[in-house]
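Survey of secondary and tertiary structure
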Amino acid sequence: MLTAGSFLTAALCALAGFLFVYLKGGLGSAGNGVGVYVGVCLISAFIGMWMFLVLLEVVDSGTAATFVCLAEDPATIQRQQPSFFAALQERYPDANWGIQSIA
């Protein structure tokens, strides 16, 4: 899903770069040729994709950490986030949580 989002962000940034050059009428001494448009679009797309992937790597890491914590020590999540743990138990009632109630 992150890859699809990064490509969408790259396309939007390339469009923004194209519109910038088009509405400005070129890039000064670089002119208004096709190469200017292609260069600006590629650079804008690369920067947009990179920013999206870097920012959402935090979300990806947090998700992985949550699943690792659930797999290795579910009692910690039950103790620290009881409402989240209760929602997980409701959603997955057949899961073997391997812990006793702390109540």
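Everything in this summary refers to the structure shown in the same document. (Residues numbered from 1 in each chain as written. Predicted model: local features only at pLDDT ≥ 70, side-chain atom pairs only at ≥ 80, totals over all residues. Heavy atoms only, no water.)

Counted by the stated rule, this structure contains two aromatic pairs. Between the aromatic rings of Phe18 and Tyr22, the centroid separation amounts to 6.0 Å while the plane-to-plane angle is 10°, which identifies the pairing as stacked. Of the two residues, Phe18 and Tyr22 both sit in helix 1 (residues 2-24), four residues apart, roughly one turn of that helix. A ring pair is formed by Phe18 and Tyr37, whose centres lie 5.1 Å apart and whose planes are at 40°; its orientation type is tilted. Here Tyr37 lies in helix 2 (residues 34-72) and Phe18 lies in helix 1, a separation of 19 residues in the sequence. (Phe/Tyr/Trp six-rings, centres within 6.5 Å; stacked < 30°, edge-to-face > 60°. Helix = DSSP H or I, 4+ residues; strand = E, 2+ residues; numbered from the N terminus.)

Time to look at the nonpolar core. One finds Leu70, Ile77, Phe85, Leu88 and Trp97 forming the largest nonpolar core, which totals five residues. The residues contacting Trp97, other than those within four sequence positions of it, are Leu70, Pro74, Phe85, Leu88, Gln89 and Tyr92. (Core = buried A, V, L, I, M, F, W, Y, C linked by side-chain atoms within 4.5 Å. Buried < 20%, exposed > 50% of the residue type's maximum accessible area, 1.4 Å probe, protein only. Contact = heavy atoms within 4.5 Å.)

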